[in-house]
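Understanding the architecture of this molecule
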Amino acid sequence: MTVYFIGAGPGDPELITVKGQRLIRQCPVIIYAGSLVPAAVLEGHRAETVINSAELHLQQIVEAMRQAHANGQDVARVHSGDPSLYGAIGEQIRHLRELGIDYQIIPGVTATAASAALLGCELTLPQVSQTVILTRYGDSSPMPAGEQLADLARHGSTLAIHLGIKNLARIVEELLPHYGADCPIAVVHRATWPDQDWARGTLADIVERVASKGFRRTALILVGHVLGDAPFAESALYRAGHAHLYRPGN
């Protein structure tokens, strides 16, 4: 048997890969993160056992996988977004390796990609930012050395900050010296869910704008000049006269 770590995407049931959907519909055991994965993602399943992992601790989740292994049953372990990002799959994989249980990771659409789509923007623009840093705000647990927000902000890259909405004012304070008060910022709440909402502004006014929305959790913070109207160069790829393998020059 195999445990499939499946990225269900940010919320919209249609934002799941064909492979992920197929595995959910064919695996006899489903363990899904019910606090973040909508029930609609499981539609069409024929599983004998469906478990909401939001109600379990790690050892109980691993025990459910061990039991499925003993029964020769594949497991669809369904996570929100992409399981490789803040999915807590590393600790599960560690146990699976110790138990000799096979696993595969099926990628999913990230909250960062969903938020960029919602805002109608590209996160990398020539001469503005060619780097996207995905991070979280180190409040509940310490960040590794060199990964404090101020350390990352020095690059001036596009930032995608998870788990930081409760500390938005402190985040803004740390970013101001590196990005400036006029730097665009957006806070996207529950991207692609039916109740999705967002606030756009600058580092100077975003705290007030978000307060008026009442966002408290499940929000992603995007920061960077790519969100505004900064001038940028056209890419070399589509520039007339730029030759490459599929468009040879004369």
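What comes next concerns the included structure. The shown structure was predicted, so the numbers you read here are calculated from the model rather than taken from an experiment. (Residues numbered from 1 in each chain as written. Predicted model: local features only at pLDDT ≥ 70, side-chain atom pairs only at ≥ 80, totals over all residues. Heavy atoms only, no water.)

1. A few points about a nonpolar patch on the surface
- Taken together, the side chains of Leu85, Tyr86 and Leu134 define a hydrophobic patch exposed on the protein surface, amounting to about 250 Å² of accessible area.
- As for its placement among the helices and strands, Leu85 is situated in the loop between strand 4 (75–79) and helix 3 (89–99). (Patch = residues over 30% accessible without salt bridge, like charges linked within 9 Å, V, L, I, M, F, W, Y side chains within 5 Å. Areas by Shrake-Rupley, 256 points an atom, 1.4 Å probe, with all protein chains shown as cover. Salt bridge = Lys/Arg side-chain N within 4 Å of Asp/Glu carboxyl O. Helix = DSSP H or I, 4+ residues; strand = E, 2+ residues; numbered from the N terminus.)

2. Considerations on the sheet that holds strand 10 (residues 219–223)
- Pairing is mixed in the open sheet, where five strands are placed in the order 6-7-10-8-9. Strands with a single pairing partner mark the edges of an open sheet, and in this sheet they are strand 6 (132–136) and strand 9 (197–202). Taken over all neighbouring pairs, the strand axes of this sheet differ in orientation by 15° on average, direction set aside.
- With six bridges connecting them, strand 8 (residues 184–189) and strand 9 associate as antiparallel partners. (Pairing = 2+ DSSP bridges. Axes fitted to C-alpha atoms, helices over the stretch in contact; angles between N-to-C directions.)

3. A look at the pairing of strand 8
- Along strand 8, six of the six residues are buried, which leaves the element largely enclosed by surrounding structure.
- Neither face of strand 8 is left uncovered, since the one carrying Pro184, Ala186 and Val188 and the one carrying Ile185, Val187 and His189 both have all their residues buried.
- Summarising the sheet, strand 8 and strand 10 pair through five bridges and their orientation is antiparallel. In the strand pairing of strand 10, Ile185 is matched with Val223. (Buried < 20%, exposed > 50% of the residue type's maximum accessible area, 1.4 Å probe, protein only.)

4. Observations regarding the packing of aromatic side chains
- According to the stated counting rule, one finds one aromatic pair in the structure shown.
- Directly above the ring of Trp193 sits Arg190, whose terminal nitrogen or CZ lies 4.1 Å from the centroid. (Phe/Tyr/Trp six-rings, centres within 6.5 Å; stacked < 30°, edge-to-face > 60°. Lys NZ or Arg CZ within 6 Å of the ring centre and 35° of its normal.)

5. Some details on the packing of helix 6 (residues 168–179) against helix 7 (residues 206–213)
- It is at 10 Å that the axes of helix 6 and helix 7 come closest, and there the two elements cross at 165°. The angle between helix 6 and helix 7 falls in the class roughly antiparallel. Seen from above, helix 6 lies across helix 7 with right-handed handedness. Here Leu168, Ala169 and Val172 of helix 6 lie close against helix 7, whose contacting residues are Ile206, Val207 and Val210. (Parallel < 35°, antiparallel > 145°, perpendicular 65-115°, else oblique. Left-handed = near helix turned anticlockwise from the far one by under 90°. Contact = heavy atoms within 4.5 Å.)

6. Points about the sheet that holds strand 4
- Read from one edge of the open sheet, five strands run 3-2-4-1-5, paired in parallel fashion. Edge positions in the open sheet fall to strand 3 (49–52) and strand 5 (102–106), since each of these has one partner strand only. For this sheet, the mean angle separating the axes of adjacent strands, direction not counted, is 15°.

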